[in-house]
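Architecture and fold: a report
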Amino acid sequence: KPFFAFISLKAPHIQDGNGFPTAIPAPWYTDTIIKEMMAPRTPNYNTTGSTSQNPKHWLIRQQTPITQLEEVKIDDLYISRLKSLLSVDDLIEELITTLGPTDLNILDNTYIIFTSDNGY
């Protein structure tokens, strides 16, 4: 019999409040070691100013360079988001296991669609 399930998760969204933002991983992943110890440093990382060869949006031109403290907090946020996503992996594994091999062939007749609002 057809059914629809909608599962919505907070991970990897940040927690509201004062101070620098952080994502809260499940307690059993708090001390997990993540190999990526820093956020990716793409060519646009810490971009300020503008040149004629590389013009920037006016908001980017006005921002100050990232401080050493901000850089540490950016890396902390990145790692906390990765840790919070480990719980999402757990949920997906449990979902697949629940829908898995049965006499009803539920998994074989199921579409699982993932979507995100923030690219993580």
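Residues numbered from 1 in each chain as written. Predicted model: local features only at pLDDT ≥ 70, side-chain atom pairs only at ≥ 80, totals over all residues. Heavy atoms only, no water.

1. Thoughts on a nonpolar patch on the surface
Let me state the cut-off plainly: Residues enter patches when their relative accessible area tops 30% and they take part in no salt bridge; the joining distance is 9 Å for like charges and 5 Å for the nonpolar side chains Val, Leu, Ile, Met, Phe, Trp and Tyr. Using a 1.4 Å probe, accessible areas were evaluated by the Shrake-Rupley method; residue-level cover was limited to the displayed protein chains. For this analysis, a salt bridge means a side-chain nitrogen from Lys or Arg found within 4 Å of a carboxyl oxygen belonging to Asp or Glu. Burial classification: accessible surface area is computed with a 1.4 Å probe over protein chains only, and a residue below 20% of its type maximum counts as buried, one above 50% as exposed, and the rest as partly exposed.
Taken together, the side chains of I7, L9 and L91 define a hydrophobic patch exposed on the protein surface, amounting to about 230 Å² of accessible area. Take I7: its relative accessible area is 45%, and that puts it in the partly exposed class.

2. Let's talk about the packing of aromatic side chains
Note the threshold: Each Phe, Tyr or Trp ring (for Trp, its six-membered ring) is paired with any other whose centre lies within 6.5 Å, and the angle between the two planes then decides the class: stacked below 30 degrees, edge-to-face above 60, tilted in between.
Summed over all chains, the structure comprises one aromatic pair. Ring geometry for W28 against Y29: centres 6.3 Å apart, planes inclined by 55°, an arrangement best described as tilted.

3. Let's talk about unusual backbone geometry
Peptide bonds are, in most cases, trans, and in most cases residues other than glycine have a negative phi. This is how the line gets drawn: Secondary structure follows DSSP: runs of H or I at least 4 residues long count as helices, runs of E at least 2 residues long count as strands, and numbering of each begins at the N terminus.
Not every positive phi belongs to a glycine, and N46 is a case in point at roughly 60°. You can see N46 is positioned in the segment before α1 (58-62).

4. Here's the deal with helix α2 (residues 68-99)
The condition is simple: Expected span of a helix: the number of residues minus one, times 1.5 Å.
For α2, spanning 32 residues, the distance from its first C-alpha to its last is 47 Å, which sits close to the expected 46 Å at 1.5 Å a residue. Along α2, the residues classified as buried are D75, L77, Y78, I79, S80, R81, K83, S84, V88 and L99.

5. Side note on the pattern of salt bridges
Counted under the stated rule, the structure contains two salt bridges. The residue E71 makes a salt bridge to R41 at a minimum N-O spacing of 3.9 Å. Residue E71 is located in helix α2, and its partner R41 is located in the segment before α1; the two are separated by 30 residues in the primary sequence. Notably, a salt bridge pairs D75 with R41, separated by 2.8 Å at the nearest N-O pair. Separated by 34 residues along the polypeptide, D75 in helix α2 and R41 in the segment before α1 bring together distant segments of the chain. Exposure remark for R41: the relative accessible area of 29% places this residue in the partly exposed category.

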